Amino acid sequence: MKKINANVALILLFLGIAVGSHAQGVISKEQASSEVRNVILMIGDGMGVTHVQIASMRAGKSLAMEGAQYVGLAKTYSANNRVTDSAAAGTALATGRKTNNGSIGVDVNNNPVKNIREKAQEAGMSTGVVVTCEITHATPATFLAHAASRKLMDDIAVDIVKSGVDVFIGGGRNYFEKREDGRNLSDSLRNRGYNVAYTLEEVIDTQNGKVAALVIDTKLPSIINGRDTSYLETATAEAIRLLNDNDKGFFLMVEGSFIDSGGHGKNAEYIITETLDFDRAVRVAFDFADKNPGTLVLVTADHETGGLTIPSGNEDFLLNDRGIKFLFSTGSHTGVMVPVFAYGTGAQNFSKVMDNTDIPKKIEELLKFK
Ligand SMILES: [Zn+2]
């Protein structure tokens, strides 16, 4: 008995050392002694813990996000439903306020609620939003607009023009240039001093200043339908480059928009490719945080999609085989908690079970807005 206990202790000791010595698992002295000045909030739409796990199984190694120094869990229910949609969850993550499903940046009575990006902007920070969907779509809209319904995409585009955001990169050009009211909002953006870009290459060629990148008419294709696997990581890196030009720091929201679609389609391959793509952008953000103490990176989801699980079966030991079967309990969103991976300065504040509304509240506290 004694010997077994000693062995267990040895194993635990070994695990402790193994975890502690993993470079990414430890917050550096510089990160610990800094104050938070840059925040990169990364949202995997529909990304539950199983989505992360099956992507990691496919990769045959830990994902970048698994190198987070602290990990928590967030509850995602909305004001009117135990299962949220992206509009209500995005509003919770952007404003710290629960609202009804379908609502964009407004409370349950449709009153606009100021979001964390707007507050950062008022505090003099640079701000940006990077997505793979239309920039007018639910999640990015909650950081840029206020609307009673996520369906009001033409109105949301008008709000985006007026938002003051420094950099945005995504799809949805049609909502700016082929509108029911006939207005050309890209001209409005130019009048407000934006460099309007229609390709990522044009963003790369832009030295500085405000950038509005509408890289496609609608949304980008999924990875399995041909999206360039460098798009999201490049867009993230370029947004960071453009925003990191302000001694008051920056706030950037990055969304891996299509992990959710894989869940709706009960398509594991779709989820894996989109999660791995999102993770490449996470690596860019973590690398930036390593080199720039004072940077906090949070990687979370607005909700889980698909009720995805890993059942027992004949494929049990084929961890990297494409034939492995996963089980979806629904083709919709679920109300289970989602992961919160925290990296860099201030990451220790997110190592707990929280409500999704706690995330922007804590960010605000750490940024010490006046
Ligand atoms: Zn969805």
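Parameters at a glance
Residues numbered from 1 in each chain as written. Predicted model: local features only at pLDDT ≥ 70, side-chain atom pairs only at ≥ 80, totals over all residues. Heavy atoms only, no water. Patch = residues over 30% accessible without salt bridge, like charges linked within 9 Å, V, L, I, M, F, W, Y side chains within 5 Å. Areas by Shrake-Rupley, 256 points an atom, 1.4 Å probe, with all protein chains shown as cover. Salt bridge = Lys/Arg side-chain N within 4 Å of Asp/Glu carboxyl O. Lys, Arg positive; Asp, Glu negative; His and termini not counted. Charge placed at Lys NZ, Arg CZ, Asp CG, Glu CD. Helix = DSSP H or I, 4+ residues; strand = E, 2+ residues; numbered from the N terminus. Buried < 20%, exposed > 50% of the residue type's maximum accessible area, 1.4 Å probe, protein only. Pairing = 2+ DSSP bridges. Right-handed = clockwise from strand over helix to strand, strands pointing away. Donors = N, O, S within 2.8 Å, 3.2 Å for Na, K, Ca; no water. Tetrahedral: all angles 85-135°; square planar, octahedral: opposite > 155°, others 65-115°. Phe/Tyr/Trp six-rings, centres within 6.5 Å; stacked < 30°, edge-to-face > 60°. Lys NZ or Arg CZ within 6 Å of the ring centre and 35° of its normal. Axes fitted to C-alpha atoms, helices over the stretch in contact; angles between N-to-C directions. Parallel < 35°, antiparallel > 145°, perpendicular 65-115°, else oblique. Contact = heavy atoms within 4.5 Å. Nonpolar A, V, L, I, M, F, W, Y, C, P; charged D, E, K, R; others polar.

J.: Would you take a moment to explain a negative patch on the surface for this structure?
T.: Among the surface-exposed residues, Glu-201, Glu-202, Asp-205 and Asp-228 lie close enough to one another that they form a single negatively charged patch. Topologically, Glu-202 is positioned in helix H10 (residues 200-205).

J.: Would you mind going over the pairing of strand E1 (residues 38-44) with me for this structure?
T.: Among the seven residues that make up E1, seven are buried, leaving the element largely enclosed by the rest of the structure. Neither face of E1 is exposed, since Asn-38, Ile-40, Met-42 and Gly-44 on one face and Val-39, Leu-41 and Ile-43 on the opposite face are all buried. Inspection of the sheet shows E1 paired to strand E8 (residues 295-300) by six bridges, in the parallel sense. Counterpart to Ile-43 in the pairing with E8 is Thr-300. When E1 meets strand E7 (residues 250-256), the two strands line up parallel, connected through six bridges. The residue of E7 that forms the bridge with Ile-43 is Glu-255.

J.: Looking at this structure, how should I read the pairing of strand E6 (residues 211-214)?
T.: Successive side chains on a regular strand alternate, one facing one side of the sheet and the next facing the other. Residues of E6 alternate between two faces, with Val-211 and Ala-213 on one and Ala-212 and Leu-214 on the opposite face, all of them buried. As judged from the three bridges shared by strand E5 (residues 195-197) and E6, these two strands associate in the parallel manner. From the neighbouring strand, Val-196 faces E6, where its bridge partner is Ala-212. As for the winding sense of the linkage, the β-α-β connection from E5 through H10 to E6 is right-handed.

J.: What exactly am I supposed to notice about the pattern of salt bridges here?
T.: Between side chains of opposite charge, a pair can form as their charged atoms come close. Under the definition given, this model contains 15 salt bridges. Between Glu-177 and Arg-173 there is a salt bridge, and its shortest N-O distance comes to 2.8 Å. With a relative accessible area of 25%, Arg-173 lands in the partly exposed category. The residue Asp-277 makes a salt bridge to Arg-227 at a minimum N-O spacing of 2.7 Å. Note that Asp-277 is positioned in helix H13 (residues 268-291) and Arg-227 in the loop between E6 and helix H11 (231-243), a separation of 50 residues in sequence. Neither residue differs from the other here; Asp-277 and Arg-227 are each classed as buried. Overlapping salt bridges bring together Arg-227, Glu-274, Asp-277 and Arg-280 as one network.

J.: Sorry if this is basic, but what is going on with the coordination of the zinc ion here?
T.: Coordination of the zinc ion by the protein is provided by Asp-260 (OD), Asp-260 (OD), His-264 (NE2) and His-333 (NE2), with metal-donor distances spanning 2.0 to 2.4 Å. Around the zinc ion sit four donor atoms; with metal-centred angles ranging over 57 to 148 degrees, the donor geometry is irregular. Summarised as a motif, the one-chain spacing of the donors to the zinc ion is D-x3-H-x68-H. With a gap of four residues between them, Asp-260 and His-264 both fall in helix H12 (residues 259-264), about one helical turn apart. A residue is classified by how much of its surface remains accessible, and Asp-260, at 11% relative accessible area, is buried.

J.: Quick question: what am I supposed to make of the packing of aromatic side chains here?
T.: The geometry of an aromatic ring pair is captured by the separation of the ring centres together with the interplanar angle, meaning the angle of the planes. Scanning all chains against the criterion turns up five aromatic pairs. When the centroid spacing of 6.2 Å and the interplanar angle of 25 degrees are considered together, the rings of Phe-143 and Phe-251 count as stacked. Here Phe-143 is found in helix H6 (residues 138-144), whereas its partner Phe-251 is found in strand E7, with 108 residues between them in sequence. Take Phe-143 and Phe-251: they sit in the same class, and that class is buried. For the pair Phe-250 and Phe-288, a centre-to-centre distance of 5.7 Å together with 55 degrees between the ring planes defines the contact as tilted. Here Phe-288 lies in helix H13 and Phe-250 lies in strand E7, a separation of 38 residues in the sequence. Residue Phe-288 is classed as buried on the basis of its relative accessible area, which comes to 11%. Ring-pair connections join several aromatic residues into one group, and the members of that group are Phe-168, Phe-176 and Tyr-194. Positioned over the ring face of Tyr-77 is Lys-98, at 3.6 Å from the centre of the ring. Against the face of Tyr-198 rests Arg-173, its NZ or CZ located 3.6 Å from the ring centre.

J.: Just to check I follow, could you spell out the packing of helix H3 (residues 49-59) against H13 for this structure?
T.: Angle between the axes and distance between the axes are the two parameters that describe a pair of packed helices. Interhelical geometry of H3 versus H13 gives an angle of 85 degrees and a closest axis separation of 9 Å. If you check the angle between H3 and H13, you find them roughly perpendicular. Across the interface between the two elements, His-51, Val-52, Ile-54, Ala-55, Arg-58 and Ala-59 from H3 touch Ala-268, Glu-269, Ile-271, Ile-272, Thr-275 and Leu-276 from H13. Here the residues of the contact of H3 with H13 are counted per class, giving eight nonpolar, two polar and two charged.

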